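Structural features, examined
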Amino acid sequence: MTEAQTLTLIRPDDWHLHLRDGAALPHTVAWSAAQFARAIVMPNLMPPVVDTAQALAYRARILAARPAHSAFEPLMTLYLTDSTPPAEIARAKDSGAVHGVKLYPAGATTNSDSGVTALSRVYPVLEAMQRSGMPLLVHGEVTDTEVDVFDREAVFIERHLDPVRRAFPELKIVLEHITTADAAAWVRAQHGRDARGAPLQGATITAHHLLYSRNALFAGGLRPHYYCLPVLKRARHRAALLDAATSGDARFFLGTDSAPHARAAKESGCGCAGCLTAPHALELYAQAFAERDALPRLEGFASCFGADFYGLPRNAARVTLRREAQRVPDVLPYLGDDGIVPLAAGDSLPWRLLPVA
Ligand code: NCD
Ligand code: ZN
């Protein structure tokens, strides 16, 4: 039997994305708008997006940066801090534009200095979120420098996420960019459903964590463009993530965590964490699913389960991927003269997303 040469699916969305701000927006918004209908936009700007008014202003800047005729829809989030007032949750919910509140443990990753220092401090906010159905989006890593960097996700789950789940059994939680078998197993053990019948527990998975193990960081030398947080893990964890993503389990859905850093910020004595995947996101996911002969399962993961979790309609439009090799450019235009290096630069990808009308 000849293999199918095209794959058509409901237009996907990105449930975890960094767009940055200002002069970055025309680049980042165009990359994502070419791939996705909607995206959950992370609030870790400098300074962070901490209230509804700031989220609405940021949303307007993103909309203004869209390419002509693009209907790309940014779904906004708030950055949770020790001093977020519980009353902010009702304002966020009523705005209709804010779809989640992001928990960064203080110091866990890029632009997380204003994050939460102790989860007990934000319990009144989590209470308000549980009441209103506002999802908590979690960067699940401890910041304790005594804990090995490769163990920080598993330790976070045990020390912090389990207690939050027990204290707030009805809270909608997304464990973002999961990287370990431990995280996938923890998500699978959460069976709660909301009033609409959608899961209370979700998890996003990036393309890079599906495609690479930590060996990619050290292949023939130090490879800064493969460095992100949470950091790539052992091969057995990658296998567990592939199992989860291709299982058809609606608790696992697409979130690129595409995180643009200019070339000089990555190729540095202390390189920034974050991989740029948005420009070729679907092609990268298709490659990962093809590795498991699971392309028929890509649509649920990329186009259905995230929308269902967030209580949003699935997209009406469709997109097509064609089996046609394309080379990822070595560098793409971005803020300075140096540009930005996308993930898998120089590699040949087996699938190509056909332009969306
Ligand atoms: C993200 C960034 O650059 O904003 N970096 C990353 O490595 N993923 C922040 C984050 O999601 O952790
Ligand atoms: Zn992120």
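What you are looking at is a predicted structure, and each value in this text was computed from that prediction instead of being measured.

1. Structural notes on helix H4 (residues 123-132)
Within H4, the full set of buried residues consists of Val125, Leu126, Ala128, Met129 and Gln130. The first or second residue beyond H4 is Gly133, which carries a positive phi of 75°.

2. Some remarks on the sheet that holds strand E1 (residues 6-10)
With antiparallel pairing, three strands are arranged side by side in an open sheet as E1-E10-E11. Only two strands of the sheet have a single partner each, and these edge strands are E1 and strand E11 (348-353). Averaged over all pairs of adjacent strands, the angle between their axes in this sheet comes to 35°, without regard to strand direction. The pairing of E1 with strand E10 (residues 318-327) spans five bridges and is classified as antiparallel. Bridge pairing in E10 links Leu9 to Val319. The sheet strands contacting helix H10 (residues 281-291) are E10 and E11, and the helix crosses E11 at an angle near 115°.

3. Topic: the coordination of the zinc ion (ligand 2)
Looking at the metal site, the zinc ion (ligand 2) is ligated by His16 (NE2), His18 (NE2) and Asp257 (OD), spaced 2.0 Å from it. All donors to the zinc ion (ligand 2) come from one chain, and their sequence spacing reads H-x1-H-x238-D. With His18 in the loop between strand E2 (14-17) and helix H1 (25-33) and Asp257 in the loop between strand E9 (252-254) and helix H9 (263-266), this residue pair connects regions lying 239 residues apart in the sequence. In this structure, His18 and Asp257 share a single accessibility class: buried.

4. Describing the site of ligand 1
Around ligand 1 there are 15 residues in total, and Arg20, Thr109, Leu229, Asp257 and His261 lie nearest to it. Arg20 is positioned with one of its side-chain polar atoms (N or O) 2.8 Å from an oxygen atom of ligand 1. In this structure, Thr109 approaches ligand 1 through a side-chain N or O atom, which is 2.7 Å from an oxygen atom. Coverage of ligand 1 by the protein chains reaches 100% of its 310 Å² of free accessible surface. Here the shell around ligand 1 is composed, by residue class, of four nonpolar, nine polar and two charged.

5. So, the packing of helix H5 (residues 152-167) against helix H6 (residues 181-188)
The contact between H5 and H6 brings their axes to 9 Å, and the two run at 20°. Comparing their axes, H6 and H5 come out roughly parallel. In the crossing of H5 with H6, the sense of the turn from one axis to the other is right-handed. Across from Glu153, Ala154, Ile157, Leu161, Asp162 and Arg165 in H5, the residues of H6 making contact are Asp182, Ala183 and Trp186. Among the residues forming the contact of H5 with H6, the class breakdown is five nonpolar, no polar and four charged.

6. With respect to the pairing of E2
Note: E2 against strand E3 (residues 38-41), two bridges, orientation parallel. Bridge pairing in E3 links Leu17 to Val41. For the handedness criterion, the β-α-β arrangement of E2, H1 and E3 is classed as right-handed.

7. Comments concerning helix H2 (residues 52-64)
Taking 1.5 Å per residue, 13 residues should reach 18 Å; H2 reaches 18 Å between its end C-alpha atoms and fits that length. Taken residue by residue, H2 has Thr52, Ala55, Tyr58 and Ile62 as its buried positions. One side of H2 holds all its buried residues, which, seen down the axis, span an arc of 120°. Exposed and facing more than 90 degrees away from the buried side of H2 are Ala53 and Ala64. Taken together, the buried residues of H2 touch H1, E3, strand E4 (73-79), helix H3 (87-95) and strand E5 (98-103). Its side-chain oxygen at 3.3 Å from the backbone nitrogen of Ala53, Asp51 defines the N-terminal cap of H2.

Reading the values: the criteria
Residues numbered from 1 in each chain as written. Chains lettered and ligands numbered in written order. Predicted model: local features only at pLDDT ≥ 70, side-chain atom pairs only at ≥ 80, totals over all residues. Heavy atoms only, no water. Buried < 20%, exposed > 50% of the residue type's maximum accessible area, 1.4 Å probe, protein only. Helix = DSSP H or I, 4+ residues; strand = E, 2+ residues; numbered from the N terminus. Pairing = 2+ DSSP bridges. Axes fitted to C-alpha atoms, helices over the stretch in contact; angles between N-to-C directions. Contact = heavy atoms within 4.5 Å. Donors = N, O, S within 2.8 Å, 3.2 Å for Na, K, Ca; no water. Near = heavy atom within 4 Å. Polar contact = N/O pair within 3.5 Å; in protein donor to acceptor, adjacent residues only side chain to side chain. Areas by Shrake-Rupley, 256 points an atom, 1.4 Å probe, with all protein chains shown as cover. Nonpolar A, V, L, I, M, F, W, Y, C, P; charged D, E, K, R; others polar. Parallel < 35°, antiparallel > 145°, perpendicular 65-115°, else oblique. Left-handed = near helix turned anticlockwise from the far one by under 90°. Right-handed = clockwise from strand over helix to strand, strands pointing away. Expected span 1.5 Å × (residues − 1). Arc of directions from axis to C-beta.

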